[in-house]
Amino acid sequence: LGLCVSRASASVLNLNCCLVLLPMCRVLLAFLRGSQKVASRKTRRLLDKSKTFHVTCGITICIFSVLHVAAHLVNALNFSENYNEDFLALNAANYRGEETIIPLHSSNVSHLISVLVPGLTGVIMVLVLFLMCTASTYAIRVSNYDIFWYTHNLFFVFYMLLMLHVSGGVLKYQTNLEEHPPGCFNPNKTLLKNMTVPKAFEETFPDYTTEPFPEDLSVPEPFVQNNFMRICSEEPKFQSHFPETWFWISGPLCLYCVERLYRYIRSNKPVTITSVISHPSNVLEVRMMKDNFKARPGQYVILHCPRVSALESHPFTLTM
C-alpha cells in the first residue's frame, strides 16, 4: 500500500508541478486573451482566473507532498522489516530491522547514492516548499513583499531537486517476466532453500515449460499455480524505473524561463513619465509614453518603484 500511495501521489505532483507554472506566463496569457482565436467571453474569464488556478495547484502540491512523504515513511519501515535475502537487488535497507534506509556506513557506492540522493533531495524540497507556502500567506505578502518574492523564486531550486529526486532508482521492476514468471520453480537454484524438493523435479527441465501437474504427486504449494507447475532456469533481473518527471516539467519550465527573459529585456526599454495627477479618493493618475507601444483594451502594466522596494512590483490596468 505504501508503494501504491507513493507512486500515485508522485504522479499527481508531476501533473501539478507542470500546471502551476503556466498561469504565471503572463505574456502568453495576454496574447491568448487578446487574440482573435479566443473570442468566447467565458474562455477569457477563465484566463483571468489564472492566479486562482496557480494557488489551487500550489495547495494541491502541498497536500500531496505530505501524503507522498508519509507513504515513503511507511515504505522505509517495510523495506527494513521485509529485508529479502533472495532478491538482494530489491532491498533498500542493508539488513533486516535497520532503523534507517540511508546507509551512511555502506561500502557499496551505487547503493549509497541510490538511497541517499532521493532522501536528501526530498528533505530539502520539503523545506523549500514549506518556506514558499508560509511566505505566500496574505499577512506576509502585505507586511513584507520582499520575503514572499525571495522565497517564491526558490521554485527553481525546487525543480532542480525534483529532477534529481527520481534519479536514485530505489524502486525497481522485473525485466524478464517471460523467462522467470513470479512464483516459478527453478530446479538449478531453489529460492526456498528450506523446502524439500520433490523427486519429480530432480530431472533436467527445459528453460521454461508449463506442463499439467499430476494429481497424485505431492508438491509444495509455491511450486504449483492453478494445477500447473511453472518451471524456469533463469534468475530474475530487476531494473530501476525510468524517470518521468523531466517529461512533465521541462516544457513549462523552459517556457517560463523564456518568458522571464523576454519580460526582462522588454522592461529595459525607457519610459517617459509626462505627468502625475492626484485625484480624490486616493486615485493617482500617471501619464507616460513608450516607443513602439500600443495599448489594448484589458491590458495592464507592471509598475516598479525602486525607492520603495527593490523587488516589489504590481500590475495596473491602462486607460487611453
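Residues numbered from 1 in each chain as written. Predicted model: local features only at pLDDT ≥ 70, side-chain atom pairs only at ≥ 80, totals over all residues. Heavy atoms only, no water.

The protein appears in an unreviewed UniProt entry as NOX4 oxidase from Fregetta grallaria. Of the protein, the UniProt comment under Subcellular location (unreviewed entry) reads exactly: "Membrane". (UniProt positions renumbered as here; feature names shortened; annotations may be inferred.)

**Section: the overall build of the protein**
On a plain count of helices and strands, the protein comes out with nine helices and nine strands. Burial status across the protein gives 27% buried among its 320 residues. Expressed as a percentage of contacts within the protein between residues at least 6 apart in sequence, the contacts between residues at least 24 apart total 58%. Total accessible area on the protein is roughly 21900 Å²; 63% of this is exposed by carbon and sulfur atoms. (Helix = DSSP H or I, 4+ residues; strand = E, 2+ residues; numbered from the N terminus. Buried < 20%, exposed > 50% of the residue type's maximum accessible area, 1.4 Å probe, protein only. Contact = heavy atoms within 4.5 Å. Areas by Shrake-Rupley, 256 points an atom, 1.4 Å probe, with all protein chains shown as cover.)

**Concerning the UniProt feature "transmembrane region" (unreviewed entry) in the protein**
Mapped onto the present numbering, the UniProt feature "transmembrane region" (unreviewed entry) falls at residues 12–32, 53–74, 112–135 and 147–166. What you have in residues 53–74 is 100% helix and 0% strand, and the ends, taken at the C-alpha atoms, are 32 Å apart. With 85% helix and 0% strand, residues 147–166 has its two end C-alpha atoms placed 30 Å apart.

**Side note on the nonpolar core**
Of all hydrophobic cores here, the largest spans 19 residues; its most connected members are C17, L21, F155, F158 and Y159. Breaking this core down by element, the ones donating at least two residues are helix 1 (2–19), helix 4 (50–81), helix 5 (109–135), helix 8 (155–165) and helix 9 (245–267). (Core = buried A, V, L, I, M, F, W, Y, C linked by side-chain atoms within 4.5 Å.)

**A look at the pairing of strand 6 (residues 272–279)**
Bridge count between strand 6 and strand 7 (residues 283–289): seven bridges; the pairing is antiparallel. From the neighbouring strand, S278 faces strand 7, where its bridge partner is L284. Counting the residues between successive antiparallel strands, the hairpin from strand 6 to strand 7 contains three residues, one of them, S281, with a positive phi of roughly 60 degrees. (Pairing = 2+ DSSP bridges.)

**Brief notes about the packing of aromatic side chains**
Inspection of the entire model under this criterion finds six aromatic pairs. With a centroid separation of 6.1 Å and 80 degrees between ring planes, the pair formed by F155 and Y159 is classed as edge-to-face. With F155 and Y159 both in helix 8 and four residues apart, the pair spans about one turn of that helix. On the accessibility criterion, Y159 (3% relative accessible area) is buried. (Phe/Tyr/Trp six-rings, centres within 6.5 Å; stacked < 30°, edge-to-face > 60°.)

**As for the side chain of S9**
With respect to the helices and strands, the residue S9 is situated in helix 1. Judged by its relative accessible area of 2%, S9 falls in the buried class. At 3.1 Å, the side chain of S9 and the side chain of H68 are in polar contact. (Polar contact = N/O pair within 3.5 Å; in protein donor to acceptor, adjacent residues only side chain to side chain.)

**A few points about unusual backbone geometry**
If you check the backbone angles, S281 has positive phi at about 60 degrees while not being a glycine. When you line up the elements, S281 lands in the loop between strand 6 and strand 7. In this model, N292 sits at a positive phi of 55 degrees, which is unusual for a non-glycine residue. For N292, the location among the structural elements is in the loop between strand 7 and strand 8 (300–304). Among the residues examined, N292 registers a relative accessible area of 85% and is labelled exposed.

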